[in-house]
Amino acid sequence: EYNRIRSWSTNLAQDFDVNVCQEADACFSSAIELAERQGWNRPIWQSLVERGDLRGLLGNQAGYRQDLERAYSLAPSDPLVLRAYAGLLDSHGELDAGIRLLRELLSTSGHGDIEPILAFTLRQRGKPEDLAEAAQLFGNAAMTLRPIMWEVRLLGIRAALGCFESLGQWNEGHRFL
């Protein structure tokens, strides 16, 4: 059930159909209930993360928070859960806690896709040292040797330059380019 509906949630940004979203929510709920009856923890927290993200997308902030908090209580060290929970904290203005979790995730798992998320959160918090670190992280993401879409690379470049601009570090921005 989880695998079948996961593809729905990944395509929701493109195909935001409320009826499909509600069906996906019901399927995630069924998957959670089945996994609970079977005593399978991993499908529970995976489905909680997916359903929580879906509920957030649908504007159900209470359901979003409840699902992600429960997933975090079940699997506080899993990268998927940490990433989602940090996003929840960030979206509710708890930037310090979100940054702490993202740093933890980055240091323990080495997930390169966490760097841009951490960079956006640091930029949002806006301290000078945060902006300097964010510029470095955005630059790393933009200059990665991994194949990425050119739009993502351009976003990293623009974000890094924006951080240098906010800091008044024109020479650093010039060197980066």
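Residues numbered from 1 in each chain as written. Predicted model: local features only at pLDDT ≥ 70, side-chain atom pairs only at ≥ 80, totals over all residues. Heavy atoms only, no water.

(A) Representation of the overall build of the chain within the structure. Looking only at helices and strands, the chain features 10 helices and 0 strands. Each helix (α) and strand (β) of the chain, taken in turn from the N terminus, gives the series α-α-α-α-α-α-α-α-α-α. Burial analysis of the chain (177 residues in total) assigns 38% to the buried set. Counting contacts in the chain only where the partners sit at least 6 residues apart, residues at least 24 apart contribute 40% of the total. (Helix = DSSP H or I, 4+ residues; strand = E, 2+ residues; numbered from the N terminus. Buried < 20%, exposed > 50% of the residue type's maximum accessible area, 1.4 Å probe, protein only. Contact = heavy atoms within 4.5 Å.)

(B) Seen up close, the confidence of the model for the chain. Averaged over all residues, the pLDDT of the chain equals 85, while 89% of them reach at least 70. Per-element confidence in the chain is highest for helix α4 (residues 61-74), whose mean pLDDT is 95, and lowest for helix α1 (residues 2-10), whose mean pLDDT is 48. (pLDDT = per-residue confidence, 0-100.)

(C) Seen up close, the packing of α4 against helix α5 (residues 79-91). In the contact formed by α4 and α5, the axes pass within 9 Å of each other and the chain directions differ by 140 degrees. One finds that α4 runs oblique with respect to α5. Here the hand of the crossing between α4 and α5 comes out left-handed. Contacts between α4 and α5 involve Y64, R65, L68, E69, A71 and Y72 from the former and V81, L82, A84, Y85, G87, L88 and S91 from the latter. Looking at side-chain class alone, the contact of α4 with α5 contains 9 nonpolar, 2 polar and 2 charged residues. (Axes fitted to C-alpha atoms, helices over the stretch in contact; angles between N-to-C directions. Parallel < 35°, antiparallel > 145°, perpendicular 65-115°, else oblique. Left-handed = near helix turned anticlockwise from the far one by under 90°. Nonpolar A, V, L, I, M, F, W, Y, C, P; charged D, E, K, R; others polar.)

(D) Layout of the pattern of salt bridges. Scanning all chains against the criterion turns up 11 salt bridges. Salt bridges sharing partners connect three or more residues here, namely D25, R51, R55 and D67. (Salt bridge = Lys/Arg side-chain N within 4 Å of Asp/Glu carboxyl O.)

(E) Fine view of the nonpolar core. L68 and F138 are the most contacted members of the largest nonpolar core, which has 34 residues in total. Counting only elements with at least two residues in this core, the list comes to α2 (18-38), α3 (41-57), α4, α5, α6 (95-109), α7 (114-125), α8 (128-143) and α9 (150-167). Filtering out sequence-adjacent residues up to four positions away, F138 remains in contact with P116, A119, F120, R123, G156, A159, A160 and C163. (Core = buried A, V, L, I, M, F, W, Y, C linked by side-chain atoms within 4.5 Å.)

(F) The arrangement of α3 in detail. The terminal C-alpha atoms of α3, which comprises 17 residues, lie 24 Å apart, in line with the 24 Å expected from a rise of 1.5 Å per residue. Of all 17 residues in α3, 12 are buried; the element is thus mostly enclosed. Residues I44, W45, Q46, S47, L48, V49, E50, R51, G52, L54, R55 and G56 constitute the buried set of α3. Directly beyond the C-terminal end of α3, a positive phi value near 90 degrees is found at G59. (Expected span 1.5 Å × (residues − 1).)

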